[in-house]
Amino acid sequence: MKSIARLFLPILLLLAAWWPASTTAQPAAEPAPLPAGPMVAGVRPTEALIWLVPPDFYSALRVVVSPDSAGAAVRTSSVPMTAAPGGPAGAVVAHLRGLRPNTRYVYQIQPTGATAARIWPVLGSGHFRTPPPDTVLTDFTFAVGSCALVLDPYPTGGYPIFGHIHQQRPDLMLWLGDNVYLGGDEWLHPPAAIHRYAHVRALPNLQSLLADATNVAIWDDHDFGPNNADSTLPTRAAMLGVFRAFWPHDLYEAAPGGATGHFRWGDAEFFLLDGRYWRTPKHGTAPRHRSQLGARQRAWLVAGLARSTATFKFVAVGGQVLSTNAHGETFANGFRRERRALLRALDSAQVKNVVFLTGDRHFGELSVRRPRRAPVQYDLTASPLTAGTAKVRANRRRVRGTAAHTHNFATIRMGGAAGARHLTLTSFDGAGRQLWQQQIAAARGK
């Protein structure tokens, strides 16, 4: 379809320019094919970002956005799209400002030229919801998943799991790392890494999820570098630039650096951790000096959690935090001292309602830690989306019945009145069938 469009569109544009002005152009039966996107990014009560790669025959685009509600007071605005540096050739982004908090919006991607608009007046469309202010309680749903291996070329039928995530209608999709699998030595060559990212981003099954939910990501070893990569990667700064080009929100912190950041959604706060940029090598480093997060990032996290006024605090990081299993990329495997320091700090500060969101393991599960004199903590692992599955390892903290030895994703719905907020965690397999469901009631207080 895309190759046919690229072949015939210049001819169609010439015909449209020549055709008499009195002739009424018929609306297109479907949007023009976009190489990738649109994707909604960024999570602010009054702002949003729209990212996409347009067909190369369009030089100027705009986003037309309106509240998704009826009535004469609906305000429609038009925002031009500008070049998005650092990503694939032609990528553009629009920064939408002045939006209403806690409001659903619909948007269209349109060409600005009259001639191009006669051929395809709409190139893409979607909808999104802005978060409420920090003090407003609202029900919302977000989805999580990790380990998205996308073959080149795409297999027949693509990867339908992304369509099943979209069917859950999440307000937010949080990608938990290994969102791309860099191969060969692509991590040493930024143009090759950009090509790999672009190949995944253009997956047809993925487009509805990108267009209709806010998308936020952390990274792990395979979208950072080779398997089990750490801070010794010589191109880590360049790979960070590629990552940010494809996830173009402004959530990352100037300190502590890397791909670390945070955002609020009403009375939920999300802390996005970078488990690779500061990671010390396990081999050749004394156990007391080993770290996944680095001292600066760990201190930033503890301070942020301790002062957070959110009901639930979600901590996204690539490898499992609470699991007792010491196989693979977990804190129990080589980073026990750092984990002990982190959890003791949270216990000491009496931080309530902390839920770690993790991936990497190629199986899913829910873990729980119940300290004697401190609040309970949870660790939801959602892995893999499309990559191969692995053996479910022993874990003394696993909640019974939550092991998932299959492609899977999870949704988290936050709801309830003030003083009775709760989470509903649901795990689904690759065909969208429910695997298990658990409810977590919020402990009262900070």
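As shown above, the structure is provided for reference.
Let us now look at the overall build of the chain. Scanning the chain from N- to C-terminus turns up 9 helices and 20 strands. Of all 446 residues assigned to the chain, the portion counted as buried reaches 57%. Relative to all contacts within the chain whose residues are 6 or more apart in sequence, the contacts with residues 24 or more apart total 69%. Accessible surface for the chain amounts to roughly 18400 Å². Of this, 54% is attributable to carbon and sulfur atoms.

Next up on the list: the packing of aromatic side chains. As enumerated under the stated definition, the model contains 19 aromatic pairs in all. For the ring pair Tyr107 and Phe128, a centre distance of 6.1 Å and an interplane angle of 40° mean the geometry is tilted. A residue pair is termed long-range when its members are at least 10 positions apart, and Tyr107 in strand 7 (residues 104–111) and Phe128 in strand 8 (residues 124–129) qualify at 21 residues. Per residue, the accessibility class of Tyr107 equals that of Phe128, and both read buried. When the centroid spacing of 4.9 Å and the interplanar angle of 75° are considered together, the rings of Tyr277 and Trp278 count as edge-to-face. Overall, the relative accessible area of 10% leaves Tyr277 in the buried class. A residue is classified by how much of its surface remains accessible, and Trp278, at 29% relative accessible area, is partly exposed. Site record: aromatic cluster; members linked through ring pairs are Phe140, Phe142, Phe263, Trp265, Phe270, Phe312 and Phe314. Across from the ring centre of Tyr277, 4.1 Å away, lies the NZ or CZ of Arg236, which sits over that ring.

Here the structure, examined in full by the defined rule, presents 17 salt bridges. For Asp250, the salt bridge is made with Arg44, and the minimal N-O distance between the two is 3.5 Å. Pair noted here: Asp250 is in the loop between helix 7 (236–246) and strand 12 (261–265) and Arg44 is in strand 1 (residues 36–44), with a separation of 206 residues, a long-range link. The class of Asp250 is partly exposed, set by a relative accessible area of 43%. In this structure, Glu329 and Arg279 form a salt bridge, with 3.0 Å as the shortest nitrogen-oxygen distance. Of this pair, Glu329 sits in the loop between strand 14 (312–316) and helix 9 (336–348) while Arg279 sits in the loop between strand 13 (268–272) and helix 8 (295–307), and the two are 50 residues apart along the sequence. Comparing Glu329 with Arg279 shows no difference in burial state: the two are buried. Taken together, the shared-partner salt bridges in this structure form one network comprising Asp220, Arg276, Arg279, Lys282 and Glu329.

With a probe scaled to a water molecule rolled over the atoms, the places where space remains empty come into view. The final tally for this structure, using the stated rule, is 4 cavities of 30 Å³ or more. In this structure, the largest cavity occupies an estimated 100 Å³ of space. Surrounding the largest cavity, Trp175, Asn179, Val180, Tyr197, Val200, Arg201, Leu206, Leu210, Phe246 and Trp247 form its lining. Among the elements that line the lining of the largest cavity, the one with the most residues is helix 4 (residues 190–201), at 3 residues. Classifying every residue of the lining of the largest cavity gives 8 nonpolar, 1 polar and 1 charged.

Conventions and cut-offs
- Residues numbered from 1 in each chain as written.
- Predicted model: local features only at pLDDT ≥ 70, side-chain atom pairs only at ≥ 80, totals over all residues.
- Heavy atoms only, no water.
- Helix = DSSP H or I, 4+ residues; strand = E, 2+ residues; numbered from the N terminus.
- Buried < 20%, exposed > 50% of the residue type's maximum accessible area, 1.4 Å probe, protein only.
- Contact = heavy atoms within 4.5 Å.
- Areas by Shrake-Rupley, 256 points an atom, 1.4 Å probe, with all protein chains shown as cover.
- Phe/Tyr/Trp six-rings, centres within 6.5 Å; stacked < 30°, edge-to-face > 60°.
- Lys NZ or Arg CZ within 6 Å of the ring centre and 35° of its normal.
- Salt bridge = Lys/Arg side-chain N within 4 Å of Asp/Glu carboxyl O.
- 1 Å grid on protein atoms, 1.4 Å probe; cavity = no way out; pocket = protein on both sides within 12 Å on 5 of 7 lines; lining within 4 Å.
- Points joined across faces, edges and corners; volume = space filled by probe spheres on them.
- Nonpolar A, V, L, I, M, F, W, Y, C, P; charged D, E, K, R; others polar.

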